[in-house]
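# Structural description and commentary
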Amino acid sequence: MLAVVVYEDWNDEAPVISCRDDRYVSGRIPADRLADDIDGADMIVFVWPEYKSVGMYSSGSVATRCMTKVCVYDQNQNALFLSETVATNDPPKTVHDQMSHSGSFEPFAGIEWIVERLKEGEDQP
């Protein structure tokens, strides 16, 4: 059983947790694979955006790349597996305002990564 935790922003204090809110997993991850609560999950998969400054616009505002990251925590073994970047999006090359801009966060790319790992597990003898 697994739980999915999606942090929608780098400082998100109220992440979307699959056992409380299925907006990211509904129709993508079979319900029988999802834990009813965090404590009942064998694995917790975290999805979050990570940002890196890649330059500045002529207005002086910052241009930031967004990387969508995924990491798995095995609660039974108390083991955290290395994070993996599943999507990278650069900010717009040109803008017509004085605001900072960043590439897009792709939480569904993280969910698709989970779905692919689940399919691989089903193919194992």
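The sections below set out a description of the structure shown in this document. (Residues numbered from 1 in each chain as written. Predicted model: local features only at pLDDT ≥ 70, side-chain atom pairs only at ≥ 80, totals over all residues. Heavy atoms only, no water.)

With that settled, consider the nonpolar core. Leu2, Val4, Val6, Ile29, Ile111 and Ile114 are the most contacted members of the largest nonpolar core, which has 19 residues in total. For this core, the element with the highest residue contribution is helix 1 (residues 107-123), accounting for 5 residues. The contacts of Ile111, once residues within four sequence positions are left out, are Val4, Val6, Tyr24, Val25, Arg28 and Ile29. In this structure, Ala3, Ala35, Ala41 and Ile44 belong to the second largest nonpolar core, which totals 6 residues. (Core = buried A, V, L, I, M, F, W, Y, C linked by side-chain atoms within 4.5 Å. Buried < 20%, exposed > 50% of the residue type's maximum accessible area, 1.4 Å probe, protein only. Helix = DSSP H or I, 4+ residues; strand = E, 2+ residues; numbered from the N terminus. Contact = heavy atoms within 4.5 Å.)

Another aspect to go through is the environment of Phe108. Take Phe108: it is sitting in helix 1. By relative accessible area, Phe108 is classed as partly exposed at 36%. For Phe108 and Arg28, which are 80 residues apart along the polypeptide, the C-alpha to C-alpha distance reads 9.4 Å. Aside from chain neighbours lying at most four places away, what touches Phe108 is Arg23, Tyr24 and Arg28.

With that settled, consider the pattern of salt bridges. It is possible for side chains bearing opposite charge to pair when their charged atoms get close. If you walk through the whole model with that rule in mind, you get 5 salt bridges. The partner of Arg23 in a salt bridge is Glu8, and the shortest N-O contact between them spans 3.4 Å. Taken together, the residues span a long stretch of sequence, with Arg23 in the loop between strand 2 (16-17) and strand 3 (43-56) and Glu8 in the loop between strand 1 (2-6) and strand 2 at a distance of 15 residues. The exposure class of Arg23 is partly exposed, given its relative accessible area of 44%. Glu8 sits in the partly exposed class, given a relative accessible area of 33%. Notably, a salt bridge pairs Glu116 with Lys119, separated by 3.9 Å at the nearest N-O pair. Separated by 3 residues within a single helix, Glu116 and Lys119 lie in helix 1, roughly one turn from each other. Classification of Glu116 as partly exposed rests on a relative accessible area of 32%. Each of Glu8, Asp21 and Arg23 takes part in a single network of salt bridges with overlapping partners. (Salt bridge = Lys/Arg side-chain N within 4 Å of Asp/Glu carboxyl O.)

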